[in-house]
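Below, each chain spelled out in residue letters.
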Amino acid sequence: MAVPGRCAPTGRFAPSPTGPLHFGSLIAAVGSYCLARRTGGRWLVRIEDLDAPREVPGAADDILRTLETLGLCWDGDVLRQSLRHEAYHEALGRLRDRGLLYDCACSRREILASAPHPGEEGPVYPGTCRSGLPAGRLPRAVRIRVPDRVVEFDDGVFGRCGQNLASAVGDFVLRRADGVFAYQLAVVVDDAASGVDQVVRGADLLGSTPRQIFLLESLGLPVPAYWHLPLALHADGSKISKRHGEGDDPLRHGGDLVRRALEWLGQELPGELRAAPSAELLAWGGAFFDAARIPKKTQIVVDSAGK
Ligand code: GLU
């Protein structure tokens, strides 16, 4: 394994503390961990606790304990977004100096009313405040002007992907009306600050990647490589967001969970590892994980037991 340092590949797992680690989020943890280790790199953990109202008390510590229990050992200190406001503020300042930002007075309801046809990522902002706030209106959110061009990238799973930011999302919010910095801004500032060059995460974020690449380019920051993994869905189409009973308890069934995550990612485990503990499975993944085997699907349904 390469000696960790500035030039070592760097992956990360960036959970939002909205509940305990469950099978759906474990897939991203195992995928990012194995790819980082397989390439001789570092693996970092970042708690995405920007949005205090959505945070579940105790969830961040619970997630970290579960990672440790499973043998998903991270390098360095855990980064917490709630302590990074200065860095986000500074990045906003740089974008503002480049003339890319503007204040927006529109409420969600106004945007929905003026943009009834959603784009690929929800309602497209119609640009109401682009050339100045309408008379008598007060600033609420801060938006960035997007170019009318396709932002393209090569995804390690899905191949060439692209999105026209103007028609798919429009000028997007970097600081919300309640003062909270947007996920899109925080993620690029943090990935760059930590030297992350491998972003491995759920395919629900495939549509956010062009916005993030545009932000990285606008800030003069390096663009990482991306791998988007198939999401685990319930039969009714909802995303797995909780643990499901006994079989999902990482303390008692850690090996089973990690094995299922590796199999989910298309890996063919040697027969003798079928009942191995999680640390052994992760050691195998760190040596043999093959990203080319990850299914090229944005989502896969698991049965109601979360299996
Ligand atoms: N915090 C996000 C989540 O839990 C992941 C963000 C990312 O990996 O870029 O879904």
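This structure is a prediction, so every number in the text was calculated from the model and none was measured.

(A) Broad picture of the site of the ligand. Lining the immediate surroundings of the ligand are Arg 12, Ala 14, Pro 15, Ser 16, Glu 48, Tyr 183, Val 187, Arg 201 and Leu 205. A distance of 2.6 Å separates an oxygen atom of the ligand from a polar side-chain atom of Arg 12. Between the ligand and the protein, one listed contact pairs an oxygen atom with a side-chain N or O atom of Arg 201 at 2.9 Å. A total of 300 Å² of accessible area belongs to the ligand in isolation, and the protein chains cover 78% of it. Classifying every residue of the shell around the ligand gives five nonpolar, one polar and three charged.

(B) Structural context of the sheet that holds strand β5 (residues 141-144). Taken together, three strands build an open sheet; the order of strands is β4-β5-β8 and the sheet is antiparallel. Bordering the open sheet on either side are β4 (101-104) and β8 (172-175), each of which pairs with just one other strand. Taken pair by pair, the neighbouring strands of this sheet meet at an average axis angle of 45 degrees, ignoring direction. Direction of pairing for β5 relative to β8: antiparallel, over a ladder of three bridges. Considered in β8, the bridge of Val 142 is made with Arg 175.

(C) Summary view of the packing of aromatic side chains. Under the defined criterion, the tally for this structure stands at six aromatic pairs. Aromatic side chains Phe 13 and Trp 43 sit 6.4 Å apart centroid to centroid with 10 degrees between the ring planes, which places their arrangement in the stacked category. With a gap of 30 residues between them, Phe 13 in strand β1 (residues 10-13) and Trp 43 in strand β2 (residues 42-47) connect regions that are remote in the sequence. Look at Phe 13 and you get buried, because its relative accessible area is 4%. Note on Trp 43: relative accessible area 0%, which makes it buried.

(D) Fine view of the pattern of salt bridges. One pass over the structure, following the stated rule, counts 22 salt bridges. The residue Arg 84 makes a salt bridge to Asp 190 at a minimum N-O spacing of 2.8 Å. Taken together, the residues Arg 84 in the loop between β3 (79-80) and α3 (85-97) and Asp 190 in helix α6 (residues 183-193) connect sequence positions 106 residues apart. We note that Arg 84, like Asp 190, is buried. Between Arg 259 and Glu 263 there is a salt bridge, with its nearest N and O atoms 3.1 Å apart. Taken as a pair, Arg 259 and Glu 263 lie in helix α8 (residues 250-264) at a separation of four residues, close to a single helical turn. Classification of Arg 259 as buried rests on a relative accessible area of 12%. Linked through salt bridges whose partners overlap, the residues forming this network are Arg 12, Arg 46, Glu 48, Arg 84, Asp 190 and Asp 191.

Calculation rules
Residues numbered from 1 in each chain as written. Predicted model: local features only at pLDDT ≥ 70, side-chain atom pairs only at ≥ 80, totals over all residues. Heavy atoms only, no water. Near = heavy atom within 4 Å. Polar contact = N/O pair within 3.5 Å; in protein donor to acceptor, adjacent residues only side chain to side chain. Areas by Shrake-Rupley, 256 points an atom, 1.4 Å probe, with all protein chains shown as cover. Nonpolar A, V, L, I, M, F, W, Y, C, P; charged D, E, K, R; others polar. Pairing = 2+ DSSP bridges. Helix = DSSP H or I, 4+ residues; strand = E, 2+ residues; numbered from the N terminus. Axes fitted to C-alpha atoms, helices over the stretch in contact; angles between N-to-C directions. Phe/Tyr/Trp six-rings, centres within 6.5 Å; stacked < 30°, edge-to-face > 60°. Buried < 20%, exposed > 50% of the residue type's maximum accessible area, 1.4 Å probe, protein only. Salt bridge = Lys/Arg side-chain N within 4 Å of Asp/Glu carboxyl O.

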